[in-house]
Amino acid sequence: MNLGKYSFTFFYLLLFILPFSCQKKEKTYFETIAIDDIPLPKPKPGSWRYHHEEKFQTFEDFQKGRKIIPKPGKNTIYLQPIGNFDALQKKEMALTQEYLRIYFQLETKILPVLPNTVFPKTVRRISKEGHEQILAGYVLDSILIKRKPKDAVVLMGITEKDLFPLPEWNYVFGLASYEDGVGVTSIYRFANGGLTASNFNESLLRLIKIGSHEIGHMFGISHCLNANCVMNGTNSLSETDYHLARACSLCQRKLSSSIHYNDKKRLLELKNFFEKQHLNTELTAANQDLNLIQ
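Residues numbered from 1 in each chain as written. Predicted model: local features only at pLDDT ≥ 70, side-chain atom pairs only at ≥ 80, totals over all residues. Heavy atoms only, no water.

(A) Here's a closer look at helix H7 (residues 200–218). Given a rise of 1.5 Å per residue, 19 residues ought to cover 27 Å, and the 27 Å separating the end C-alpha atoms of H7 matches this to within 8%. Along H7, 17 of the 19 residues are buried, which leaves the element largely enclosed by surrounding structure. (Helix = DSSP H or I, 4+ residues; strand = E, 2+ residues; numbered from the N terminus. Expected span 1.5 Å × (residues − 1). Buried < 20%, exposed > 50% of the residue type's maximum accessible area, 1.4 Å probe, protein only.)

Below is the structure:
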C-alpha cells in the first residue's frame, strides 16, 4: 500500500473542503432583528413580573407545547363586539381588525355587534369605582364558545363594559381560553373613561397590544421573559404603555413557525400601519428592524 499516495490525496481533499467550511453562516431573520430587542429592566413592586414567578418559554418549549395552529378551512380571526359603541369606538374597532390581520397575517373579520342584554344580572357587578363590570369567564364560556364560526381559528370578544375575572380582582384587561380559541378584552379602561379624538391613538395602541397579546397566547406563546415585548405580562395601563407593540425576536420566531408567513412582508405592512396612524414609537421600532434586514 502506498501511504504517500493516500496522504497526498487527503491533503488536497482538505484544501477543497476548507474554503467551504470557513464560510460565515448567514443569519436568520430572527437572529438579525434580535439586535433590536430591548432587555427587560429589574421588576419593580406592582409590576407583573414582581408578583408572578413564570418559567422562561424557549423555542423548543413552544414547539412541544399545546397550541392552536391555523389550517385550511379554519384560519380566520373573528372579533365579536359586545355593547353600545359610538362612531369613534367603531373606528377603533375597524383599525384593530386591520392591525390584527397584519400582525398575524390571517384574514380577520368583525361579527355583528351583540347588545349588553346578553349579560344576565348574575354576571354583573358594580365596581369599587362605581361602574358596572362583567364577569370575563362568562363571556368566554357562555357567549363566545357558542358563537365561534366554523372557519374561526380564534374568536376575540371586545366589550364596551369593564371586565373582572374573579370576585377578589378589581378588573382585568383581557382573558383567554387557549384550548377553546376564544378570548375577550374590554375597551373601557383604554381611553381613561371616554374615547375622544385627543386620546384616540393612546386607546388604539392599548387595544391592539392587548388584542395581539391574548391571541398570541391562544397560538401557544407564554408571557415573554426575553425582552420588552407585546407578550410581556401587565398589571396596569402604565405597564402596558411601557411594553412595545413589537413582539421580540423570540416571540416572532414562535409565531412565524406556526403561521408560516413572510416575515419581511409582515414587517413592511406593520411599518405602513404605524406610519398611517402616527404611532411614532412603534414606527421607529419597525424602521429599526427594516434597516437591519435591507
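More follows now that the structure is in view.
(B) Inspection of the layout of surface pockets at higher detail. Space inside the largest pocket adds up to approximately 420 Å³. Lining the largest pocket are 20 residues, with Trp48, Trp169, Val172, Gly174 and Thr234 positioned closest to its centre. Mapped onto the lining of the largest pocket, the elements with two or more residues apiece are strand S7 (174–177) and H7. Tallying contributions element by element places H7 first for the lining of the largest pocket, with 4 residues. In terms of residue class, the lining of the largest pocket is made up of 10 nonpolar, 9 polar and 1 charged. Here the second largest pocket is characterised by a volume of approximately 260 Å³. Lining the second largest pocket are 16 residues; nearest its centre among them are Pro41, Ser47, Glu239, Tyr242 and His243. For the lining of the second largest pocket, the class distribution of residues is 5 nonpolar, 7 polar and 4 charged. (1 Å grid on protein atoms, 1.4 Å probe; cavity = no way out; pocket = protein on both sides within 12 Å on 5 of 7 lines; lining within 4 Å. Points joined across faces, edges and corners; volume = space filled by probe spheres on them. Nonpolar A, V, L, I, M, F, W, Y, C, P; charged D, E, K, R; others polar.)

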